[in-house]
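# Structural description and commentary
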Amino acid sequence: MKLPNHIAIILDGNGRWAKNKGMPRSYGHIIGCDNLEKMCNIICEIGVRYLTVYAFSTENWKRSKEEIKILMNLFRKYLKRCEKSVKKNQMRVKIIGDPERLEPDIQRSICKLEDMSKDYDKMFFRIALNYGGRDEILRAVTRLVKDARQGKLPQGKISEEMLDSYLDTPGIPDPDLLIRTSGEQRLSNFMLWQLAYTEFYFTDVPWPAFDKKELDKAIEQYNERDRRYGDVKEEKSKEGGACL
Ligand code: IPE
Ligand code: IPE
Ligand code: MG
């Protein structure tokens with residue numbers, strides 16, 4: 001069985017899972033958060049090197065103030081708890097997305113977690129917080145144009161590699177497998193550039209109920225796919241030297 005090198009997951013369905021149990025949406029988010037910790041450990045144990053999860057989108061600010069507050073408080077706790085998994089899994093953690101709209105204390109926790117995990121390299125774990133694929137491309141192009149105006153870019157055409165290096169995932173191989181839980185079959189603005197040749201797996205199982213058995217099913221189905229060009233970026237980044 002071939003293991004995907006990079007798995008990306010759209011963590012969806014917390015609210016519906018809770019509603020089905022007669023519980024408030026916040027309960028779904030709490031259990032969803034616990035499940036993220038559990039699944040991150042499992043994904044590391046089975047030997048996957050890159051994991052990227054979508055936890056809060058640029059569109060999620062449209063939710064009620066109350067739900068946003070609950071989610072932000074959960075992120076606060078999760079970022080602290082994650083310090084333990086960092087050591088256990090020897091993983092490097094990075095947050096992708098625009099941190100500027102997050103509260104200052106959350107931004108400080110992010111810096112702390114990224115800094116304390118920066119020398120680990122068994123697994124690379126990315127959490128997308130206030131992330132939007134279009135916003136990421138806009139931020140990248142804005143910085144690229146600024147550098148070009150200041151004469152910092154080599155003359156000639158702008159290459160894919162050049163734009164890639166301005167995104168939130170420089171040097172990271174593109175996801176091999178994207179999993180979206182809870183039935184929706186859309187990207188919701190997730191990694192629009194990086195998912196160009198990724199295999200998609202959609203399941204009706206909501207995120208809080210997504211376990212090792214469900215992960216095995218996704219990897220089994222991934223193995224049945226006839227992949228195209230999936231390794232292009234990874235091979236190039238190896239040629240270019242360091243991957244991170
Ligand atoms: C995913 O669950 C968590 C976030 C997007 C923050 P949802 O909150 O989207 O749950 P559903 O999709 O409404 O069930
Ligand atoms: C996608 O889930 C975003 C995250 C998982 C963070 P949503 O539940 O917010 O997506 P839509 O709005 O239904 O497309
Ligand atoms: Mg949802």
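Attention here is on the structure that accompanies the text. Because the structure is a prediction, the values reported are computed rather than measured.

Scanning the protein for helices and strands turns up 8 helices and 6 strands. Across the protein, helices and strands are ordered from the amino to the carboxyl terminus as β-α-α-β-α-β-α-β-α-α-β-β-α-α. Here the protein has a C-alpha radius of gyration of 18 Å; the compact-globule value for 244 residues is 18 Å, and the two agree. C-alpha extents for the protein along the principal axes are approximately 60 × 45 × 35 Å. Long-range pairs, those at least 24 residues apart, make up 77% of the contacts in the protein with a sequence separation of at least 6. Total accessible area on the protein is roughly 13,100 Å²; 50% of this is exposed by carbon and sulfur atoms.

Taken together, Ile10, Leu11, Asp12, Tyr54, Ala55, Phe56, Ser57, Asn60, Arg63, Arg180, Arg186 and Ser188 make up the full set of residues near ligand 2. Arg180 is positioned with one of its side-chain polar atoms (N or O) 3.4 Å from an oxygen atom of ligand 2. About the coverage of ligand 2: the protein hides 79% of its 380 Å² of free accessible area. A per-element tally of the shell around ligand 2 places strand S2 (residues 50–57) first, with 4 residues. Of the residues that constitute the shell around ligand 2, the class distribution is 5 nonpolar, 3 polar and 4 charged.

The next point concerns the nonpolar core. Ile9, Leu51, Phe125, Ile179 and Leu215 are the most contacted members of the largest nonpolar core, which totals 45 residues. With near-sequence residues (within four places) excluded, Leu51 lies in contact with His6, Ile7, Ile9, Cys40, Ile43, Met123, Phe124, Phe125 and Arg126. Residues Tyr54, Ala128, Tyr131 and Met191 belong to the second largest nonpolar core, which totals 10 residues.

Surrounding ligand 1, one finds 13 residues, the nearest of these being Leu11, Asp12, Arg16, Arg25 and Arg63. Asp12 is positioned such that a nitrogen or oxygen atom in its side chain is 2.8 Å from an oxygen atom of ligand 1. Here Gly15 contributes a backbone N or O atom positioned 2.9 Å from an oxygen atom of ligand 1. In isolation ligand 1 exposes 380 Å². Once the protein is present, 87% of that is buried. Judged by the fraction of its atoms near the pocket grid, ligand 1 is located in the largest pocket. Where the shell around ligand 1 is concerned, the elements lending two or more residues are helix H1 (14–20), helix H2 (25–45) and helix H3 (65–89). Among the elements that make up the shell around ligand 1, the one with the highest residue count is H1 (3 residues). Of the residues that constitute the shell around ligand 1, the class distribution is 3 nonpolar, 5 polar and 5 charged.

Burial along strand S6 (residues 199–202) is one-sided: the residues Glu199 and Tyr201 are buried and none of Phe200 and Phe202 is. Two strands pair when backbone bridges link them, and strand S5 (residues 177–180) and S6 are joined in this way by 4 bridges, in the parallel orientation. Along S6, the bridge assignment pairs Ile179 with Tyr201.

Tracing the chain through its elements places Met23 in the loop between H1 and H2. Once the C-alpha coordinates of Met23 and Gly151 are considered, the two residues, 128 residues apart in sequence, prove to be 57 Å apart.

With that settled, the discussion passes to unusual backbone geometry. Positive phi values are uncommon outside glycine, yet Gln90 reaches one of about 50°. As for its position among the elements, Gln90 is in the loop between H3 and strand S3 (91–96).

Another point: the layout of surface pockets. Each pocket or cavity is described by its volume, and for the largest pocket that value is around 600 Å³. Contributions of two or more residues to the lining of the largest pocket are made by H1, H2, S2, H3 and strand S4 (123–131). Broken down by class, the residue content of the lining of the largest pocket amounts to 15 nonpolar, 8 polar and 8 charged.

What counts and how
- Each residue is numbered by its place in its chain's sequence as written, counting from 1.
- Written order decides the labels, with chains lettered from A and ligands numbered from 1.
- Since the coordinates come from a predicted model, pLDDT governs what is reported: local features require at least 70, and pairs of side-chain atoms require 80 or more to be given and counted, while whole-chain, interface and lining totals use all residues.
- Hydrogens and water are ignored here; the side-chain numbers use all heavy atoms of the structure.
- Strands are runs of DSSP state E lasting at least 2 residues, helices are runs of H or I lasting at least 4, and numbering of each runs from the N terminus.
- Taken over C-alpha atoms, the radius of gyration is set against a globule rule of 2.2 Å times the number of residues to the power 0.38.
- Here, two residues are considered to be in contact whenever any of their heavy atoms come within 4.5 Å of each other.
- Note on areas: Shrake-Rupley, 1.4 Å probe, and residue coverage restricted to the protein chains presented here.
- Consider each residue's heavy atoms; a residue with any of them within 4 Å of a molecule or strand counts as near.
- We call two N or O atoms a polar contact when they sit within 3.5 Å, provided that within protein one can donate a hydrogen and the other can accept it, with sequence-adjacent residues counted only if both atoms are side-chain atoms.
- Side-chain classes follow a simple rule in which Ala, Val, Leu, Ile, Met, Phe, Trp, Tyr, Cys and Pro form the nonpolar group, Asp, Glu, Lys and Arg form the charged group, and the remainder, Gly included, forms the polar group.
- We define a nonpolar core as any set of buried Ala, Val, Leu, Ile, Met, Phe, Trp, Tyr and Cys residues linked to one another through side-chain atoms lying within 4.5 Å.
- Any residue under 20% of the maximum accessible area for its type is buried, any over 50% is exposed, and the rest in between are partly exposed; the area is computed with a 1.4 Å probe on protein chains only.
- Grid spacing is 1 Å over the protein atoms alone, the probe is 1.4 Å, and a cavity is where that probe fits but cannot get out, while a pocket is an open set with protein on both sides within 12 Å along at least five of seven lines and lining residues have an atom within 4 Å of a point.
- Being in a pocket or cavity means that more than half of the molecule's atoms lie within 2 Å of its grid points.
- At least two DSSP bridges between two strands are needed for those strands to be called paired.
- Grid points are joined across faces, edges and corners, and a volume is the space filled by probe spheres set on the points.

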